[in-house]
Amino acid sequence: MSRSALLKIGDEAVEALRTADQIALTEILVWQEVDRIIARRLRLATYATWKRRRLKMLEEYRKPEHWGIDPNAVLVRELADSSDLHVLVAGAEREGPALYLAARGAAVTAVEPEEDAVERVVKAAHAAGLTERVRGYCAGLGGWAPDIALHAVVCTPSAFAGLDVADRARVIEVLQSATVDGGVHLVETIAAGADSLAEALPIEELAHRYRGWTISVERSAGRRETFMARKDAVA
C-alpha cells in the first residue's frame, strides 16, 4: 500500500472519530480506526472467524483420510493418540504419515536421503501450520542416529534401500535402543515377488531382528504388508 493511500486512510480515520461520540482523539484510537478501515477494505477475517476456521481445519488434519491413509490401517489404530510422543518417520517420500501424526500431537522427525523429499515434507508441514511439530533431516538411516528417545518408528521400504544385511541389522539395533519400553515400530513391507524392494526387507529378517518384541504382520489392500513390533518392558 502506498504512502499516499495510508495517509488518506489516516485522514478518514480521524474524521470518523471526530463525528463519533468521542471525548478526545489519541494516536492509539487513530491506529485502531486505521486498522479497522484496512481490515474492512481487505475483507480480512476477524480473530474469532480465523480461530473458528483454524480449529475446523486442524480437526480435518487429524483425520487419516485427509492424508490418504486408510482409517483402518495399523498406523491409525496404534498411534491415533500421539500427543507428546516422539515419532521417527523414515523413508519420508510420502509425507502423509508424518503430517498425520504431527496433526495428532506427535513431535515428528522425518528422515530421507533425498533433499527434495525432505523439502516436500517441511513445506507441507508449513502449509498445514504444523512446522513446530516436524523436523526434517536429509540423511539415510545408515548414517543417522536419533538424538531423543523414540515412542514410535514408522518406516517404508525405501528407508533401507542400499543397505546390506549387516547395515540393516545395525540400523535396526540403533532404533531399538532409542525406543522406550512399550514403543512401537511399524515397517511397511512388500509381499514377496511384488517388487524388487521385497528382497531388501523380508518379513523373516524383521522377525529375526525383533526377537524379544511382540510382533505381528498385517496385510492390507494390494500386496502391502505392515510388520509391527512392540518393545516389551524389561522385567
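Residues numbered from 1 in each chain as written. Predicted model: local features only at pLDDT ≥ 70, side-chain atom pairs only at ≥ 80, totals over all residues. Heavy atoms only, no water.

1. Here's the deal with the environment of Ile-215
Put simply, the test is: Under the scheme used here, helices are H or I runs from DSSP no shorter than 4 residues and strands are E runs no shorter than 2 residues, and both carry numbers assigned from the N terminus. We call two residues contacting when some pair of their heavy atoms lies within 4.5 Å.
Its place among the elements puts Ile-215 in strand E6 (residues 214-219). Measuring from C-alpha to C-alpha, the distance between Ile-215 and Ala-229 comes to 4.3 Å, with 14 residues separating the pair along the chain. Ile-215 has contacts with Ala-207, Tyr-210, Phe-227, Met-228 and Ala-229, leaving out every residue within four places of it along the chain.

2. Regarding the pattern of salt bridges
In a structure, side chains of opposite charge can pair up when their charged atoms sit close to one another. Heads up, the rule is: Salt-bridge detection follows one rule: a side-chain nitrogen of Lys or Arg within 4 Å of a carboxyl oxygen of Asp or Glu. Burial here depends on accessible area, computed with a 1.4 Å probe over protein chains only, as a share of the maximum for the residue type. Under 20% is buried, over 50% is exposed, and the range in between is partly exposed.
One pass over the structure, following the stated rule, counts 8 salt bridges. Note that Glu-78 and Arg-230 form a salt bridge whose closest N and O atoms lie 2.4 Å from each other. Of the two residues, Glu-78 is situated in helix H4 (residues 74-79) and Arg-230 in strand E7 (residues 224-230); the sequence distance between them amounts to 152 residues. Judged by its relative accessible area of 29%, Arg-230 falls in the partly exposed class. Lys-123 serves as the salt-bridge partner of Glu-119, at 3.0 Å between the closest nitrogen and oxygen. Taken as a pair, Glu-119 and Lys-123 lie in helix H6 (residues 115-127) at a separation of 4 residues, close to a single helical turn.

3. Some words on the nonpolar core
Applicable threshold: By nonpolar core is meant a set of buried Ala, Val, Leu, Ile, Met, Phe, Trp, Tyr and Cys residues that side-chain atoms within 4.5 Å join together.
In this structure, Leu-75, Val-87, Leu-101, Val-108, Val-154 and Leu-186 are the most contacted members of the largest nonpolar core, which totals 30 residues. Mapped onto this core, the elements with two or more residues apiece are H4, strand E1 (86-90), helix H5 (96-103), strand E2 (107-112), H6, strand E4 (150-155) and strand E5 (179-190). Top contributing element to this core by residue count: H5, with 6 residues. If we ignore the near neighbours within four places in the chain, the residues touching Leu-75 are Ile-69, Ala-80, Pro-97, Tyr-100, Leu-101, Val-154 and Leu-186. If you look at the next biggest cluster of nonpolar residues, it comprises 24 residues, including Ala-90, Trp-144, Leu-206 and Trp-213.

4. So, unusual backbone geometry
Despite not being glycine, Asp-84 shows a phi value in the positive range, around 65°. Residue Asp-84 is classed as exposed on the basis of its relative accessible area, which comes to 65%.

5. Side note on the packing of aromatic side chains
Selection rule: The aromatic pairing rule takes the rings of Phe, Tyr and Trp, using the six-membered ring of Trp, and pairs them if the centres are within 6.5 Å, calling planes under 30 degrees apart stacked, those over 60 edge-to-face and the rest tilted.
Inspection of the entire model under this criterion finds 4 aromatic pairs. Judged by centre distance (5.5 Å) and plane angle (40°), the ring pair of Tyr-61 and Trp-67 falls under tilted. Among the aromatic residues, those joined into a cluster by ring pairs are Tyr-210, Trp-213 and Phe-227.

6. Some words on the confidence of the model for the protein
For clarity, the threshold we go by: Predictor confidence is given residue by residue as pLDDT, running from a minimum of 0 to a maximum of 100.
Per-chain confidence: the protein averages 81 in pLDDT, with 71% of residues scoring 70 or above. Low confidence marks residues 191-199, where pLDDT is under 50. Its contacts with residues over four positions away, or in another chain, come to 12 contacts.

7. Notes on the pairing of E7
To keep things clear, this is the line we draw: When DSSP locates at least two bridges between a pair of strands, those strands are taken to pair.
For E7, a buried count of 5 out of 7 residues is recorded, marking the element as mostly surrounded by other parts of the structure. Where E6 and E7 come together, 6 bridges link them in antiparallel fashion. Looking across to E7, one finds that Thr-214 is bridged to Arg-230.

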